[in-house]
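Topology and contacts: notes
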Amino acid sequence: MTRVLSAGRSLDVEPDASRPAGELWLDAAALEEATGWHLRPEGLCEGPLCVPLPEGPRAALVDGDTVNVSGLWQHLGRPILHDASATTWMLGEAAEDRGSRLASLEAPDFTLPDIEGKLHSLSDFRGKKVFLATWASW
Amino acid sequence: MWQRLYEELADQGFMIVTVAMESRGADAARGPIRRARPTYTSLIDRDHLVADLYNMVNVPQAVWIDEEGRIVRPTETAGAAITLNLGRIRKTRKIYCDAIRDWVAKGAASEYAFSPEEARAHLPASTPEIALAHAHFHLGRELWEQGNRDEGGAFLRKAVELNPDSWNFFRQMKNLEHILGSGGPEFFRRARRYRKDGKAYYPLPDMASMDEVSG
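Residues numbered from 1 in each chain as written. Chains lettered and ligands numbered in written order. Predicted model: local features only at pLDDT ≥ 70, side-chain atom pairs only at ≥ 80, totals over all residues. Heavy atoms only, no water.

1. Looking at the packing of helix α7 (residues 149–162) of chain B against helix α8 (residues 167–177) of chain B
Two quantities define a packed helix pair, namely the angle between the axes and the distance from one axis to the other. Residues and elements named next belong to chain B. Interhelical geometry of α7 versus α8 gives an angle of 155 degrees and a closest axis separation of 9 Å. With respect to each other, α7 and α8 are oriented roughly antiparallel. Here α7 runs over α8; the crossing is left-handed. On α8, the residues that touch L156, R157, A159 and V160 of α7 are F169, F170, M173 and L176. Split into classes, the residues belonging to the contact of α7 with α8 amount to seven nonpolar, no polar and one charged. (Axes fitted to C-alpha atoms, helices over the stretch in contact; angles between N-to-C directions. Helix = DSSP H or I, 4+ residues; strand = E, 2+ residues; numbered from the N terminus. Parallel < 35°, antiparallel > 145°, perpendicular 65-115°, else oblique. Left-handed = near helix turned anticlockwise from the far one by under 90°. Contact = heavy atoms within 4.5 Å. Nonpolar A, V, L, I, M, F, W, Y, C, P; charged D, E, K, R; others polar.)

Below, the structure is given as structure tokens:
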């Protein structure tokens, strides 16, 4: 079992174990659940954004229904980290993507639990002014 | 901390969402939340996701979001001041809360609601180091919770190194190591050095009315 983390997501998956150590290959369904990316004939897509895959990169990143997620992240210039046993992976976001999302001024949505474990999303409060404030016990 | 302000403004189309940066999880935040008896929305964020999304580095920080979900004031200090002068702390807080009241009453016409250009100009910069720091923090926190403290601790320390401006990373890491670790001698040494470098632990929000407490 391998745990794949990304901003706001955590998913346990069964990666393709036949791949070299240090590479994370997932089937298209696990890819979508773990990252939101879809494998399409035209390339790899996240929402409306598609990364076209010419023959060269395609061979390195896609094998039938299986996608080289670590290769994709490197191809996109996004940070990717894993522990020594490669059983926990972190798929990070590129600084430009973070910056341009904030520059749109559209408040990034998130879903988090309250102390009872009930989930709430920022977007639940659309139609109200929201004062979003952080704190910590430490 | 925000309950009175919320009670005062709740019927004016206003919501407060507080997010606890707590890698130890809900139990660490339960006591303070029970005491505050919030009727607003109070959430727990083990991974510091909100700090990641909004480029935050300390607590308390805040963002103002309008009815359409647009940021009208990006990340800034939420009415806190670092001083032993209680009067000054109260004043800073009152000025900040009055600014929120003004925005809730007047919306975009409030002098405290930035235009889109002003809001963009106030966004904290996103750098590759900061993006990489968040990835290290998130993985480190996860490994720490899995009981892999050697590797987890190394990723957390790397996060602090990659973004030395993040007091959240530093203090949360120290708190994971020891429940009282976030306010130890290392914190004060670090804070003194920060000040010596000419940086503010709690920069005042960019509001004309804050001039009364600056200097």
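2. Concerning a negative patch on the surface
All names here are of chain B. A cluster of acidic side chains, namely E117, E118, D206 and D211, defines a negative patch on the protein surface. Here D206 shows up in the segment after α9 (185–196). Classification of D206 by relative accessible area gives partly exposed; the value is 48%. (Patch = residues over 30% accessible without salt bridge, like charges linked within 9 Å, V, L, I, M, F, W, Y side chains within 5 Å. Areas by Shrake-Rupley, 256 points an atom, 1.4 Å probe, with all protein chains shown as cover. Salt bridge = Lys/Arg side-chain N within 4 Å of Asp/Glu carboxyl O. Lys, Arg positive; Asp, Glu negative; His and termini not counted. Charge placed at Lys NZ, Arg CZ, Asp CG, Glu CD. Buried < 20%, exposed > 50% of the residue type's maximum accessible area, 1.4 Å probe, protein only.)

3. Comments concerning the domain arrangement of chain B
Residue and element names in this part refer to chain B. When cut into domains, chain B gives domain 1 (3–123 + 202–212) and domain 2 (128–196). The C-alpha-based centres of domain 1 and domain 2 are spaced at 23 Å. Contacts between the two partners involve 14 residues from domain 1, matched on the other side by 16 residues from domain 2. Both faces combined, the contact of domain 1 with domain 2 buries some 1400 Å², and carbon together with sulfur accounts for 46% of it. When residues of domain 1 are sorted by the area they lose upon contact with domain 2, R24, D47 and V57 head the list and together hold 42% of the total. (Domains from an automatic or database assignment. Buried area = accessible area lost by both parts, 1.4 Å probe.)

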